[in-house]
Amino acid sequence: MMRKTSVILLSAATGAALMLFVTQPRAVFMGSSARAATADTYRQLNLFGDVFERVRSDYVEKPDDTKLIESAISGMLTGLDPHSSYMDAKSFRDMQVQTRGEFGGLGIEVTMEDGLIKVVSPIDDTPASRAGVMANDIITNLDDEAVQGLTLNQAVEKMRGPVNTKIRLKIIRKGQDNPIDVTLVRDNIRVRSVRARVEADDIAYIRITTFNEQTTEGLKREVANLSNQIGDKLKGYVIDLRNNPGGLLEEAVTVSDAFLEKGEIVSTRGRNAEETQRRTAHSGDLTKGKPIIVLVNGGSASASEIVAGALQDHKRATIVGTRSFGKGSVQTIIPLGSGNGALRLTTARYYTPSGKSIQAKGIVPDIEVLQDVPDELKSRTDTKGEASLRGHLKNDGDEKTGSQSYVPPDAKDDKALKLAGDLLHGIKNSASAAPIPGGDNKATTDKPKAAN
């Protein structure tokens, strides 16, 4: 088996990889039970062939054979789990463009829930964010067409289009009695995945909104800029991963590596033991040992959880906020040849350095902080999480679902950010009795023992 060259972790997944399956040796050593199972599988495939031919010959209108087959493949994959799917050639090309951090569209991360499109998060400074589209909004109509019955890829394709063209969205929002109609003008979406600013004159605040091919370089650039701006009075860093839906696994690894001197970052474990891979840190802490606070919430998923889990397990950072989303699976993009699109297939689970799977559980913050939510938004400030998705991969023990995902638009109202500042300034309160890693407190970067 050829190893995967790139894997992705994202609600609307992105990335590129190659998988080559060698199946012949397995057939040579089949026992009788395996042969019986194989024979039954071929009977089922014959049934599929019979249905396919009957549809082709008897359906009221002549169907498109290509669409029939693509629909069958799509149905097979979506029946596996919420994150596996089929991408036709156009969707595959669009995904590759998105991975590079630039594409045409509205600027929203979306997922499918109960046949409708649910907004995971609007992307900063895009038509969607400027129009007030919010996380957890449900999109029911695109122009005059109902979303019900469309696949996620079909809906995303309809939302994309030429720059300066318009599209109408009908949105259902909790707390609103009537649907909301919003008209957006498509724009060239350049995903600036890392944004930064100086907080309180001596704190470096860095927000990572997604993990694309530019994220690690963007992080390095902003750390250097902030370090130069603040100088010797720099108290530490706040890394904000709230409502970050994830992205490329490789970027999650390199971002984690930027803050660690050594030790395991993440392990991925597939169906077979020989597929286990462990990613470890290289020497060189980008922040030179300064204290780090990582902010997470119910919208922090996948790659975000890898970073938070690695820094938490190595006691390199204090995690502040609410329980993360809990998406602990890895999707591999498998091209199917020229013009045939690709599979987005769940191929592994990932584990934090201590051996914990966060699948359907999430990262539990070291310090929980609940935001004060305006009355009109109280009905929509929780994200259900991975455990609530139909067909999700199960985890041992109690699964956890539901966590606050509201982030105040004004920093002065942001309780998690305020607590992070207090921690970095050495201010103790009832929520922050424990010392934070970094600074005068020696950070541990040795690999923790795996949990049994």
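Calculation notes
Residues numbered from 1 in each chain as written. Predicted model: local features only at pLDDT ≥ 70, side-chain atom pairs only at ≥ 80, totals over all residues. Heavy atoms only, no water. Salt bridge = Lys/Arg side-chain N within 4 Å of Asp/Glu carboxyl O. Helix = DSSP H or I, 4+ residues; strand = E, 2+ residues; numbered from the N terminus. Buried < 20%, exposed > 50% of the residue type's maximum accessible area, 1.4 Å probe, protein only. Contact = heavy atoms within 4.5 Å. pLDDT = per-residue confidence, 0-100. Core = buried A, V, L, I, M, F, W, Y, C linked by side-chain atoms within 4.5 Å. Axes fitted to C-alpha atoms, helices over the stretch in contact; angles between N-to-C directions. Parallel < 35°, antiparallel > 145°, perpendicular 65-115°, else oblique. Left-handed = near helix turned anticlockwise from the far one by under 90°. Nonpolar A, V, L, I, M, F, W, Y, C, P; charged D, E, K, R; others polar.

Caption draft 1: Geometry of the pattern of salt bridges. Considering all chains together, one arrives at 25 salt bridges under this definition. Note that Asp144 is salt-bridged to Arg168, the shortest N-O span being 2.7 Å. Separated by 24 residues along the polypeptide, Asp144 in the loop between strand 6 (138-142) and strand 7 (145-146) and Arg168 in strand 8 (residues 166-172) bring together distant segments of the chain. On the basis of relative accessibility, which here comes to 38%, the residue Arg168 falls in the partly exposed class. Where Asp313 meets Lys356, a salt bridge forms, and the shortest distance between an N and an O atom there is 3.8 Å. Placement of the pair is Asp313 in helix 9 (residues 303-313) and Lys356 in the loop between strand 20 (342-351) and strand 21 (367-368), with a sequence separation of 43 residues. What makes Asp313 buried here is its relative accessible area of 12%. It is possible to trace a salt-bridge network through shared partners that takes in Glu53, Arg56 and Asp65.

Caption draft 2: Inspection of the environment of Ile108 at higher detail. The topology assignment puts Ile108 in strand 4 (residues 108-113). In the structure, Ile108 is positioned 27 residues away from Ala135 in sequence and 9.1 Å away in space, judged by C-alpha atoms. Those residues within four positions of Ile108 in sequence are excluded, and the remaining contacts are Val119, Ser121, Pro122, Ile123, Ala128, Val133, Ile139 and Met159.

Caption draft 3: Summary view of the confidence of the model for the protein chain. For the protein chain, per-residue confidence averages 86 on the pLDDT scale, and 87% of positions sit at 70 or higher. In this model residues 10-28 is a low-confidence stretch, pLDDT under 50, and it forms 50 contacts with partners more than four residues away in sequence or in other chains. Note that residues 440-452 has pLDDT below 50 and, in this model, 26 contacts with residues that lie over four places away or in other chains.

Caption draft 4: Spotlight on the nonpolar core. With 39 residues, the main nonpolar core has Ile206, Ile208, Tyr237, Ile239, Leu241, Ile265 and Val294 as its most contacted residues. Listed by contribution, the elements that provide at least two residues to this core are strand 12 (203-208), helix 7 (215-230), strand 13 (236-240), helix 8 (249-257), strand 15 (264-269), strand 17 (292-296), helix 9 and strand 20. A total of six residues in this core trace back to one element, the largest contributor, which is helix 9. In this structure, Ile117, Val119, Ile139 and Val147 belong to the second largest nonpolar core, which totals 19 residues.

Caption draft 5: Structural detail: the packing of helix 8 against helix 9. One way to put it is that helix 8 packs onto helix 9 with a least axis distance of 9 Å and a crossing angle of 25°. Looking at the two axes, helix 8 sits roughly parallel to helix 9. Like other packed secondary-structure pairs, helix 8 and helix 9 cross with a definite hand, here right-handed. Residues Leu249, Ala252, Val255 and Ser256 of helix 8 form the contact with helix 9, whose participating residues are Ala303, Ile306, Val307, Ala310 and Leu311. Partitioned by chemical class, the residues of the contact of helix 8 with helix 9 number eight nonpolar, one polar and no charged.

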